[in-house]
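Spelled out from the first residue to the last, the chains are:
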Amino acid sequence: MAKPKDNPNYKVIADNRRARFDYAIEDDLEAGIVLQGSEVKSLRENSANITECYAAVEDGELWLVNSYIAPYNRAMFPHEERRRRKLLVSRKELSRLWNETQRKGMTIVPLVLYFNDKGKVKMKLGIAKGKKNHDKRETEAKRDWGRQKQRLLKNAG
């Protein structure tokens, strides 16, 4: 997913920054998402939250569960805020995702919800393994040491 800097259509809607702290992301993929009209209008106003949601393979389809898209107040037919939304991936990717989650115990975590360069809503999903508390502390210690190192280098120079 390259970020086209000069493209006015590319726009990040929601970012799940907590996912990289709670999970070790091993692989990622891009998926389309099935939305209703009022949901797209609401997303254009940047009102979505993907921090508490997850993706699951059920009955041969990929579903986004517990994602929040704020209601669009000028909608004639409003949408349900936390409904299950279908994610669009190829059959090959779907079988790989099912294999990863069922056999290897991985989790499918939404990372970023965005409008791509063509103006379509896409979601970047990560195939991840949950971190233990000691792994989280180790990640935080590395990040703190990196910040401290940058400060030392900045003050020395």
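Just above, that's the structure.
Note on numbering: residues in each chain are counted from 1, in written sequence order. Where local features are concerned, this predicted model is filtered to residues with pLDDT of at least 70; where side-chain atom pairs are given and counted, the filter is 80 or more; whole-chain, interface and lining totals use all residues. The basis for every side-chain value is the complete set of heavy atoms in the structure, and neither hydrogens nor water enter the calculation.

Draft legend 1. Quick look at unusual backbone geometry. Its identity as a non-glycine residue notwithstanding, Asp59 has a phi of 55 degrees, on the positive side. With respect to the element layout, Asp59 can be found in the loop between β4 (54-58) and β5 (61-65). Throughout, exposure labels follow a simple rule: accessible area from a 1.4 Å probe, protein chains only, divided by the maximum for the residue type, with under 20% read as buried, over 50% as exposed, and the rest as partly exposed. For Asp59, a relative accessible area of 80% corresponds to the exposed category. A positive phi angle is found at Asn66, which is not glycine, with a value near 70 degrees. Counting from the N terminus, the helices are the DSSP runs of H or I reaching at least four residues and the strands are the DSSP runs of E reaching at least two.

Draft legend 2. Examining the environment of Thr101 more closely. As for its position among the elements, Thr101 is in helix α3 (residues 91-103). As for Thr101 and Ala128, which are separated by 27 residues in sequence, their C-alpha atoms are 9.3 Å apart. Excluding residues that lie within four positions of it along the chain, Thr101 makes contacts with Met106 and Ile108. Between N or O atoms, a polar contact is any pair within 3.5 Å; within protein, one atom must be a potential hydrogen donor and the other a potential acceptor, and residues adjacent in sequence are included only when both atoms are from side chains. Among the polar contacts listed, one links the side chain of Thr101 to the backbone oxygen of Trp98, at a separation of 3.2 Å. Pairs of residues are marked as contacts when any of their non-hydrogen atoms sit within 4.5 Å.

Draft legend 3. A look at the pairing of strand β9 (residues 121-130). Burial analysis of β9 places 7 of its 10 residues in the buried class, which makes it a mostly covered element. The sheet contact formed by strand β2 (residues 23-33) and β9 spans 9 bridges and is antiparallel. The partner of Ala24 across the bridge, within β9, is Lys129. One ladder, built from 8 bridges, connects strand β8 (residues 107-115) with β9; its direction is antiparallel. Counterpart to Thr107 in the pairing with β9 is Ala128. In short, DSSP must find at least two bridges between two strands for them to pair. Count of turn residues in the β8/β9 antiparallel hairpin: 5 residues, of which Gly119 carries a positive phi of about 85 degrees.

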